[in-house]
Amino acid sequence: MADFDTVIHGGTLVTAGETFKADIGICGGTIAAICDRIVGGEHRIDAGGKLVLPGGIEGHCHIAQESSSGVMTSDDYYSGSVSAAFGGNSCFIPFAAQHRGQAISEVIATYDSRAIPNAVIDYSYHLIISDPSPSVLAELPGVFERGITSFKVFMTYDLMNIGDGGMLDILALAKTYGALTMVHAENNEMVKWMNRRFAAAGLTEPRYHALSRPELAEEEAINRAISLAKLVDTPLFIVHVSTRGGAEIVRREKLAGTRLFAETCPQYLALTRADLDRSGMEGAKYVCSPPLRDRETQEALWQHIRTGTFESVSSDHAPYRADATGKFSNGVDVPYAKIANGMPGIAMRLPYLFSEGVAKGRITLGDFVRLSSANAARVFGLDRKGSLMPGFDADIAIWNPEERRKVTLADQHDNMDYTPFEGMEFTGWPELVMNRGRIVVEKGALKAARGQGQFVARKPTDTGTMPGYRAVEFVVAAAYGHEVAP
Ligand code: URP
Ligand code: ZN
Ligand code: ZN
């Protein structure tokens, strides 16, 4: 009998901390051994000349999710997970979105019914809370118990924005249970005021979408969200940071010890608001929030990636087709404010980051692993993923660092009718993706069965040695007036 189910041999292993040549022996879906040379194995995979990395963990994607105005993403848990796997991911964490009036138990049951029969890679959910009523808050401990240890809130979109008081309620509850609060930070009133001004002036083409959501709206909201989290002294994760000012605030607060995490996304590095100027309604394909910015911002964000401001680069895959099911669900030729927000990109996140980051010398291979999987595993409590170590899930991506390919829609595996990365040339592509020792994708072919991905119960966030912030007033309030040392 073979010692190992599978042996990956001859490759160069990369983790967040090390790059070294070794073989990997896999047993029962788990990494069982890593050493110079492993003989035997029921299946042997030759990784000579290739990089062997932890499978990517996509921490921000919208799959089988209705937007607040009821538009369903084009990807369900099958096409979304297949596309993620072709892009080098072995695990993803989409959102389970509560819309106002829904019980959380109903939300989770709905997403379970969408994910369980369909996902081809492991998954969990971040719970979106749009209505923090007492009955909803009462359900959150149960969600946390189930291993859904992150709650996302919005400071914008009228139907999602929970206001500062609602955020404090969530943050305080998250603190009690050790959950992580994630936030979409844009000042809703600034955006609405800009919308009214543009509408009054008849400026309604897609290009005005970017201008209607000023950099200051993001910066102000990031600052406010951090202040709210500091009052309660609980960790916060700022999603899709798109501005230099926002990144600088994150940087400053991290240096001060605030328990803070953040991500940016490839679209803010690869595209600019000039993409919204495309003719006709082509620009609609580039409508996302926060919006695309400019070249200077791209450089600043890359500098923040290089110097550790961001834990991850996530896709914010929000796939709405450029037709009546998606972008144009309110009609074609509609004002920008009626175009569905979001762009696809779950499969392009890692090839983009590898090519523009590693291949162009902006980041190291270790950085790539941190930004693509290791940090997401640590921050989102996936304690058996994000590294190559005995005892960890055999979630592995084998990359060919030399392969050069041009991006085309025809090569995508999502359920979209465009890719914003069309025509870009990337160096370095994943060749094989494995989840718990089972091959999901190999040399351009899907090998996984629908529904073979498993729900992963997550642990609380590891905030390491980040000291946090002690607001004496909150301590007093929490102690109901008991004496607090100065
Ligand atoms: O435009 C975007 N990003 N749409 C998806 C929803 C969100 O704000 O993350
Ligand atoms: Zn968002
Ligand atoms: Zn999003």
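It should be noted that the structure appears before, not after, this text.
Nonpolar side chains in soluble globular proteins tend to end up buried together. Of all hydrophobic cores here, the largest spans 124 residues; its most connected members are Tyr77, Leu127, Leu140, Leu236, Ile238 and Phe368. Structurally, this core is a two-domain feature, drawing no fewer than three residues from each of domain 1 (6-53 + 383-446) and domain 2 (56-370). By size, the runner-up hydrophobic cluster in this structure holds 15 residues, among which are Ile26, Ile45, Val52 and Ala394.

We now examine the sheet that holds strand S19 (residues 438-442). Pairing between sheet strands relies on hydrogen bonds along the backbone, with the strands arranged either parallel or antiparallel. Taken in spatial order, the seven strands of this open sheet run S3-S2-S7-S17-S18-S19-S20, and their pairing is mixed. A single partner strand is all that each edge strand has here, and the edge strands are strand S3 (19-21) and strand S20 (445-446). Two strands pair when backbone bridges link them, and strand S7 (residues 51-54) and strand S17 (residues 396-406) are joined in this way by four bridges, in the antiparallel orientation. Looking across to S17, one finds that Leu51 is bridged to Trp399. Lying over the sheet, helix H11 (residues 349-359) contacts S7, S17 and strand S18 (425-435), oriented at roughly 125° with respect to S18.

We now examine the coordination of the zinc ion (ligand 2). At the metal site, the zinc ion (ligand 2) is ligated by His184 (ND1) and His240 (NE2), and these contacts range over 2.1 Å. Bound by four donor atoms, the zinc ion (ligand 2) shows angles of 56 to 143° at the metal and therefore irregular coordination geometry. In this structure the zinc ion (ligand 3) is found 3.7 Å away from the zinc ion (ligand 2). Taken as a pair, His184 in strand S13 (residues 180-184) and His240 in the loop between strand S14 (236-238) and helix H8 (244-255) lie far apart in primary sequence, 56 residues in all. Across this residue pair, the class does not change: His184 and His240 are buried.

Rules behind the numbers
Residues numbered from 1 in each chain as written. Chains lettered and ligands numbered in written order. Predicted model: local features only at pLDDT ≥ 70, side-chain atom pairs only at ≥ 80, totals over all residues. Heavy atoms only, no water. Core = buried A, V, L, I, M, F, W, Y, C linked by side-chain atoms within 4.5 Å. Buried < 20%, exposed > 50% of the residue type's maximum accessible area, 1.4 Å probe, protein only. Domains from an automatic or database assignment. Pairing = 2+ DSSP bridges. Helix = DSSP H or I, 4+ residues; strand = E, 2+ residues; numbered from the N terminus. Contact = heavy atoms within 4.5 Å. Axes fitted to C-alpha atoms, helices over the stretch in contact; angles between N-to-C directions. Donors = N, O, S within 2.8 Å, 3.2 Å for Na, K, Ca; no water. Tetrahedral: all angles 85-135°; square planar, octahedral: opposite > 155°, others 65-115°.

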